[in-house]
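# Chain and residue survey
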Amino acid sequence: MKSLSLGMLPLSVRLKLLDGFLKRRSRSPMAMARYAYDHTAFYKRFFAPHMAQRFEDLPILKKEFVRDISPYDLLAAPHQDDVVYYGETTGSTGSPTPAFYTKREFSSARFMAYVSPLLDSIRPELKTNRTCINGLAFGFTIAGMSFGDVFEGLGGLVANVGSRSTLATPERIARAMARLKPVAMAAAPIDFLSWMRILEEDYPEQRQEMLASLKVLLSTAELCSRSRVGAISRHFGIRHVDIYACVEGLFTLPCTCGEMHLLPSYHTELFDSQLRPLGPYGTGRLVFTNLIKESTPMVRYLLDDWVTISPSRCPHGFDRSIVPHGRYELCVPLQGEFVGVEHVEEVLFRHGLFGDYFLVIEEKAMTLTVEQYLPTPVPADDIAAAFETRFGMPTKVTGVPFGTITDYRGVRGSKPILKIDDRRPAASQEIPEFL
């Protein structure tokens, strides 16, 4: 079925088609493991001593296991002649993980956009203004290309401006926004906020016209809590949709029910800090197996985000929901809980803020520095009280001008993922290889 005609179908029909398609294409977890063993050089070695009858007895694939191998060792033999794209993770938590894509696999993000419950709120906007700006970084990750393809598939006129380079500086992207007046954008949250501040300073008249046309922001590439998503949406008067994805592509789908759902083509597992299995639901380290992707099979892959997976009662029929809390090695123990970026943001951004921030944890107290995006002062006392109630430690809160923590006019060569710095003697944080 052609993509445009698929998008015209009622939501209930699209979701049934999605469910049926994914179930038909998906292998069982063990069948995917055997496929990987039979057709890739890496899994032939990796599974050789362990190839067992039970999927749960197979080893977990950690990022360091692919540190020095050839990427082609992960390329399945049946797809050596039809893969067309190569991508890698950023490597921010260790060695980059490689992934190849066939045309069909690459277009899966476009297919997900057609069947997403959020499509019904985005598609009508493109009928009056087709201009879209894709401001995601075009590097080794596939996100920049994928989101441009999604906008194109929805009928958009796409400006792929990229970001974080000397050719696509924040000032130039802000200028493009002022001139093109897009209806939809894709960007990392901190980049979007930076461009909007430059618009406010350099193009005040065009900024109002641009905001009048902008309806949708699709964000990814860095964790953005529900509280922050809501604050950005309210301040700019737009629909902000945050998407949790990885080098594999879209393995979750944000929904109009307010939750983020795991796609049925992914087998997920949760593990504790010692990599002991916890079962399908609860909070732990995320391991997944893609049951469809054949060109670069990822079997029991330790994405290693700290997440909560729960059963869902979504009215659209999705049965699993996920909340990412942050990267496992950057989470910290507080009050008997493993705390990540999402936990901090849910407390912080309930106070109407949404700029950058940095939390330092000492032995007996915490210091929180918060960027002041709005002209109103940061409610430091209220935030300090909320942090002490939630995390059990006295907290000093300081508001600073926007751009103090992250230079909003500077070209960034790193991802702003280090938001919490645990300086206690017994700290277990592992600072990433690359930021």
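The following paragraphs examine the structure supplied in this document. Quantities reported herein were computed from a predicted structural model and do not represent experimental measurements.

## Describing the overall build of the protein chain
- For the protein chain, the helix and strand inventory stands at 15 helices and 22 strands.
- A compact globule built from 435 residues would reach a C-alpha radius of gyration of about 22 Å, and the protein chain, at 22 Å, matches this within 12%.
- Its C-alpha atoms put the protein chain at 60 × 55 × 45 Å along the principal axes.
- Taking all 435 residues of the protein chain together, the buried fraction comes to 56%.
- Here the analysis covers contacts within the protein chain between residues at least 6 apart in sequence; of these, 66% occur between residues at least 24 apart.
- When the accessible surface of the protein chain is split by element, carbon and sulfur atoms take 53% of a total near 18800 Å².

## Some details on the environment of Val397
- With respect to the element layout, Val397 can be found in strand E21 (residues 395–401).
- Relative accessible area serves as the criterion here: at 13%, Val397 is assigned to the buried category.
- Residues Val397 and Ala380, 17 residues apart in the sequence, show an inter-C-alpha distance of 5.2 Å.

## A word on the packing of helix H11 (residues 189–202) against helix H12 (residues 204–213)
- Contact geometry of H11 with H12 gives a least axis separation of 6 Å together with a crossing angle of 135 degrees. Considering the angle they form, H11 stands oblique to H12. Between H11 and H12, the residues in contact are Met196, Leu199, Glu200, Glu201 and Asp202 and Pro204, Arg207, Met210 and Leu211, respectively.
- Split by residue class, the contact of H11 with H12 holds five nonpolar, no polar and four charged.

## Some words on the nonpolar core
- Counting 64 residues, the largest nonpolar core has Tyr43 and Leu218 as its most contacted members.
- In this structure Leu218 touches Ile122, Phe147, Phe151, Met185, Ala186, Ala187, Val241 and Ile243, once residues within four positions along its chain are discounted.
- Counting 27 residues, the second largest nonpolar core, distinct from the first, contains Met185, Met210, Phe236 and Tyr408.

## Quick look at the pairing of strand E6 (residues 216–219)
- Alternating residues of E6 divide into Val216 and Leu218 and Leu217 and Ser219, and every residue in both groups is buried.
- The sheet contact formed by strand E5 (residues 184–187) and E6 spans four bridges and is parallel. Bridging across to E6, Met185 finds its partner in Leu217.
- As defined by bridge partners, E6 adjoins strand E7 (residues 239–242) across four bridges and the pair is classed as parallel. Note on E7: the bridge partner recorded for Leu217 is His240.
- Regarding the hand of the β-α-β motif, the stretch spanning E6, helix H13 (residues 226–236) and E7 is right-handed.

## Considering the sheet that holds E7
- Taken together, five strands build an open sheet; the order of strands is E4-E3-E5-E6-E7 and the sheet is parallel. If you trace the sheet from one side to the other, it starts and ends with strand E4 (157–160) and E7, each paired once. Recorded for the sheet is a direction-independent mean angle of 15 degrees between the axes of neighbouring strands.
- Running over the sheet, helix H10 (residues 170–180) touches strand E3 (131–134), E4 and E5 and is turned about 170 degrees from E3.

## Topic: the environment of Leu374
- If you trace the backbone, Leu374 turns up in the loop between strand E20 (366–372) and helix H15 (380–391).
- By relative accessible area, which is 22% here, Leu374 ends up partly exposed.
- In this structure, the C-alpha to C-alpha distance between Leu374 and Gly352, residues 22 residues apart in sequence, is 9.0 Å.
- Ignoring anything within four residues of it in the chain, the contact list for Leu374 reads His235, Gly352 and Phe354.

## Focus: the packing of H10 against H11
- At their nearest, the axes of H10 and H11 sit 9 Å apart, and the two run at 70 degrees to each other. Classified by the angle between their axes, H10 and H11 sit roughly perpendicular to one another. Side by side, H10 and H11 meet where Pro170, Glu171, Ile173, Ala174, Met177 and Ala178 of the first sit next to Trp195, Met196, Ile198 and Leu199 of the second.
- A per-class count over the contact of H10 with H11 returns nine nonpolar, no polar and one charged.

## Description of the state of the cysteines
- In this structure the tally under the stated criterion is zero disulfides.
- Cys257 forms no disulfide, and the closest cysteine sulfur to it belongs to Cys255, at a distance of 3.7 Å.
- Owing to a relative accessible area of 32%, Cys257 belongs among the partly exposed residues under this scheme.
- Among the cysteines around Cys314, which has no disulfide bond, Cys255 carries the closest sulfur, lying 3.7 Å off.

## Here we look at the packing of aromatic side chains
- Going through the model one piece at a time under the given rule, you end up with 25 aromatic pairs.
- On the numbers, 5.1 Å between centres and 50 degrees between planes, the contact of Tyr43 with Phe47 is tilted. Placement of the pair is Tyr43 and Phe47 together in helix H4 (residues 41–47), with a separation of four residues, close to one helical turn.
- When its relative accessible area of 0% is taken as the criterion, Tyr43 is described as buried.
- Here Phe47 falls in the buried class, since its relative accessible area comes to 0%.
- An aromatic cluster of at least three residues, connected via ring pairs, comprises Phe192, Phe236, Phe354, Tyr373, Phe402 and Tyr408.
- Stacked on the ring of Tyr101, the Lys or Arg Lys293 has its end atom at 4.7 Å from the ring centre.

## Thoughts on the sheet that holds E20
- Taking strand neighbours across the sheet as the criterion, the four strands line up as E21-E20-E19-E22 in an open arrangement whose pairing is mixed. The two strands at the open ends of the sheet, each matched to only one other strand, are E21 and strand E22 (420–422). Adjacent strand axes in the sheet meet at a mean angle of 15 degrees when their direction is disregarded.
- Two strands pair when backbone bridges link them, and E20 and E21 are joined in this way by seven bridges, in the parallel orientation.

Cut-offs used in this document
Residues numbered from 1 in each chain as written. Predicted model: local features only at pLDDT ≥ 70, side-chain atom pairs only at ≥ 80, totals over all residues. Heavy atoms only, no water. Helix = DSSP H or I, 4+ residues; strand = E, 2+ residues; numbered from the N terminus. Rg over C-alpha atoms; globule rule 2.2 N^0.38 Å. Buried < 20%, exposed > 50% of the residue type's maximum accessible area, 1.4 Å probe, protein only. Contact = heavy atoms within 4.5 Å. Areas by Shrake-Rupley, 256 points an atom, 1.4 Å probe, with all protein chains shown as cover. Axes fitted to C-alpha atoms, helices over the stretch in contact; angles between N-to-C directions. Parallel < 35°, antiparallel > 145°, perpendicular 65-115°, else oblique. Nonpolar A, V, L, I, M, F, W, Y, C, P; charged D, E, K, R; others polar. Core = buried A, V, L, I, M, F, W, Y, C linked by side-chain atoms within 4.5 Å. Pairing = 2+ DSSP bridges. Right-handed = clockwise from strand over helix to strand, strands pointing away. Disulfide = S-S within 2.5 Å. Phe/Tyr/Trp six-rings, centres within 6.5 Å; stacked < 30°, edge-to-face > 60°. Lys NZ or Arg CZ within 6 Å of the ring centre and 35° of its normal.

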